[in-house]
Amino acid sequence: MHCGIEFEYLLIDLGGATPARLRDFSNLPFEQISAWLEDKPGRDDAELATGDLGIKRGYWYLEGNERFHDDGRFRTLDVKGVEIRTPPAADVETALQRLVAIETQLSAALARHGLGLAIAAFNPVRAPYAYDPPLNAWEAAMRAEHRAYDGSHISTLSYGPDINLSMPGWSNAQCLDATRKLQHYAPWIVPFSFASPFAHGRRWPGWSKRTHERAPLRPAVKLFLDAQALAAPELASTLVHPARIAREVGRIEFKAFDAMPDLAVLRGCCHLLVGVCLAHDLTARSEIADVALYQRAARLGFADAQVREGAEQLLTSARAALLAHGDAVGAQALAPLFAMLQAQRTPAHALVEQWEAGGPMFKPGGFASPAPAQDSLEARSA
């Protein structure tokens with residue numbers, strides 16, 4: 001199994017007159033921040049997809065909403081934050097190590113300009129994102145043709161990791177079967193990551209504003225296949241997309257997690273996906289997202305019996321599958337998730353408690369930075 005991780009971060013001021021102020025499209029010009037982050041690792045990695053505009057080069061790049069002139073020329077990017085992507089690794093643990101190493105380099109580059117990283121799954125203070133200026137005719141026509149732009153008013157405010165898995169030796173049919181399995185069980189998988197209990201500067205009445213708004217608009221999981229496979233009738237699926245580079249063929253990309261602010265939770269969630277892919281007793285499959293269940297989970301979390309029982313089934317099956325495949329490290333990594341489930345807590349609970357104690361609505365720093373002093377999820381569930 002190979003694993004790669006993409007992770008989106010907010011940007012904040014480190015100090016000055018406005019310490020911990022969020023920096024984004026409202027107060028951070030793309031031309032300025034892109035120049036600051038141009039010197040980065042991975043720029044010469046020819047096996048990275050760089051996007052249609054070629055601006056996604058290297059192991060980190062700016063994320064946001066692309067804006068164009070009325071003749072189709074790129075104009076600017078409404079910056080929402082920065083994304084790290086790791087090159088594919090031989091296992092989850094190596095991918096996580098690479099994520100933290102790249103994050104350390106990124107933090108140092110940002111600090112030279114008074115900026116730092118922060119983690120939350122939804123911009124907790126910004127008013128609803130609106131196109132400013134409004135979309136021109138060329139932009140409107142392009143977005144109508146390319147569905148990848150659907151939901152930009154939400155994706156420009158939301159943050160999450162993409163967990164990329166590939167299983168060497170698996171057939172295309174096996175990869176599609178695992179993708180359909182993840183699509184079905186995703187509403188029970190994602191609550192372990194919930195980390196967006198705020199919106200518009202206020203407490204949102206639930207645990208994942210991101211999931212609640214994103215579920216009707218954006219895919220939970222994708223499978224990338226080559227042109228020959230795309231033409232095969234037996235592989236026809238709304239979940240299948242054309243591979244942009246050779247290294248993408250057979251890649252399963254899970255996109256529904258919140259940007260969780262705890263490395264142990266990210267580790268557990270990565271191994272949970274692997275275990276679900278391997279579990280033979282999880283027999284349901286789907287092509288269509290259960291939006292109502294996503295939104296119910298987003299509001300209620302593990303306090304809801306249906307969400308809690310489904311998540312427990314997944315965890316138990318995933319742990320058994322990992323152990324059956326000789327992956328004791330992966331099975332042990334699920335322990336924090338079992339603790340969260342027992343305590344009916346998500347990462348969002350800790351963010352709310354931090355805010356109620358006078359702290360920010362996000363985790364300052366990245367995974368390599370120490371978290372604010374607080375009891376661990378494991379200790380709280382004891």
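Preceding this paragraph is the structure being described.
Residues numbered from 1 in each chain as written. Predicted model: local features only at pLDDT ≥ 70, side-chain atom pairs only at ≥ 80, totals over all residues. Heavy atoms only, no water.

Of the regular secondary structure elements, the protein holds 14 helices and twelve strands. By the compact-globule yardstick of 21 Å for 382 residues, the protein fits well, its C-alpha radius of gyration being 20 Å. Dimensions along the principal axes, computed over C-alpha positions, put the protein at roughly 55 × 50 × 35 Å. In the protein, which comprises 382 residues, the proportion classed as buried is 54%. Across the protein, the fraction of contacts at a sequence separation of at least 24, relative to all contacts at a separation of at least 6, is 76%. (Helix = DSSP H or I, 4+ residues; strand = E, 2+ residues; numbered from the N terminus. Rg over C-alpha atoms; globule rule 2.2 N^0.38 Å. Buried < 20%, exposed > 50% of the residue type's maximum accessible area, 1.4 Å probe, protein only. Contact = heavy atoms within 4.5 Å.)

Once that is clear, we can look at helix α8 (residues 263–278). Compared with the 22 Å implied by 1.5 Å per residue over 16 residues, the 23 Å span of α8 between its first and last C-alpha is a close match. Burial analysis of α8 places 13 of its 16 residues in the buried class, the great majority of the element. Where α8 begins, one side-chain oxygen reaches toward the backbone nitrogen of alanine 264, 2.8 Å away; that side chain belongs to aspartate 262. (Expected span 1.5 Å × (residues − 1). Polar contact = N/O pair within 3.5 Å; in protein donor to acceptor, adjacent residues only side chain to side chain.)

So, on to the packing of helix α5 (residues 172–189) against helix α9 (residues 291–300). Two elements in contact, α5 and α9, have axes separated by 9 Å at closest approach and are oriented at 20°. Relative to α9, the element α5 is oriented roughly parallel. In this structure, α5 meets α9 at a crossing whose hand is left-handed. Of the residues in α9, those in contact with Ala186, Pro187 and Trp188 of α5 are Leu293, Tyr294 and Ala297. A class-by-class count of the residues in the contact of α5 with α9 yields six nonpolar, no polar and no charged. (Axes fitted to C-alpha atoms, helices over the stretch in contact; angles between N-to-C directions. Parallel < 35°, antiparallel > 145°, perpendicular 65-115°, else oblique. Left-handed = near helix turned anticlockwise from the far one by under 90°. Nonpolar A, V, L, I, M, F, W, Y, C, P; charged D, E, K, R; others polar.)

Quick look at the nonpolar core now. Residues Ile189, Phe192 and Phe254 are the most contacted members of the largest nonpolar core, which totals 102 residues. For this core, the element with the most residues is α8, which contributes ten residues. With residues near it in sequence (within four places) discarded, phenylalanine 192 still touches Val265, Cys269, Leu272, Phe302, Ala311, Leu315, Leu337, Met340, Leu341 and Pro347. Counting five residues, the second-largest nonpolar core is a separate cluster that includes Phe122, Ile154, Leu157 and Ala199. (Core = buried A, V, L, I, M, F, W, Y, C linked by side-chain atoms within 4.5 Å.)

Moving on: the pattern of salt bridges. With the rule as written, the count across this model stands at 20 salt bridges. The closest approach of N and O atoms between arginine 285 and aspartate 177, which form a salt bridge, is 2.8 Å. Of this pair, arginine 285 sits in the loop between α8 and α9 while aspartate 177 is found in helix α5, placing the two residues 108 residues apart along the sequence. Since its relative accessible area comes to 32%, arginine 285 is described here as partly exposed. Notably, a salt bridge pairs arginine 180 with glutamate 287, separated by 2.7 Å at the nearest N-O pair. Here arginine 180, found in helix α5, pairs with glutamate 287, found in the loop between α8 and α9; they are 107 residues apart in sequence, far enough to count as distant. Given the relative accessible area of 26%, glutamate 287 is considered partly exposed. (Salt bridge = Lys/Arg side-chain N within 4 Å of Asp/Glu carboxyl O.)

Among the twelve residues of strand β1 (residues 2–13), eleven are classified as buried, and the element is accordingly described as predominantly covered. Bridge count for β1 against strand β6 (residues 161–166) is six bridges, and the pairing is antiparallel. In the sheet register, isoleucine 5 faces β6, and the bridge partner there is isoleucine 163. When β1 meets strand β4 (residues 74–85), the two strands line up antiparallel, connected through four bridges. Within the sheet, the bridge partner assigned to glutamate 8 lies in β4 and is glutamate 83. Bridging between β1 and strand β5 (residues 115–119) involves four bridges; their strand directions are antiparallel. Looking across to β5, one finds that aspartate 13 is bridged to leucine 115. Here β1 pairs with strand β2 (residues 22–23) via two bridges, running antiparallel. Looking at β2, one finds that isoleucine 12 is bridged to leucine 22. (Pairing = 2+ DSSP bridges.)

As a further point, take the packing of aromatic side chains. For the structure on display, the rule yields eleven aromatic pairs. A connected cluster of aromatic rings, assembled from ring pairs, spans Phe30, Phe68, Phe74 and Trp138. Note that lysine 80 overlies the ring of tyrosine 159, its terminal NZ or CZ placed 5.3 Å from the centroid. The ring of tryptophan 207 carries the charged tip of arginine 203 above its face, separated from the ring centre by 4.6 Å. (Phe/Tyr/Trp six-rings, centres within 6.5 Å; stacked < 30°, edge-to-face > 60°. Lys NZ or Arg CZ within 6 Å of the ring centre and 35° of its normal.)

This next bit is on the side chain of histidine 349. The residue histidine 349 is located in helix α13 (residues 347–356) in this model. Those residues in contact with histidine 349 that sit more than four places away from it in its chain are Trp207 and Gln344.

This next bit is on the state of the cysteines. Tallying each qualifying case throughout the model produces zero disulfides. Among the cysteines around cysteine 3, which has no disulfide bond, cysteine 270 carries the closest sulfur, lying 5.1 Å off. Distance from the sulfur of cysteine 277, which forms no disulfide, to the nearest cysteine sulfur (cysteine 175) is 8.9 Å. (Disulfide = S-S within 2.5 Å.)

Moving on, we come to unusual backbone geometry. Going from aspartate 132 to proline 133, the amide bond is cis rather than trans, its omega being 5°. Along the polypeptide, proline 133 turns up in the loop between β5 and α3 (137–145). Unlike most non-glycine residues, glutamine 344 shows phi in positive territory, near 55°. For glutamine 344, the location among the structural elements is in the loop between α12 (335–343) and α13.

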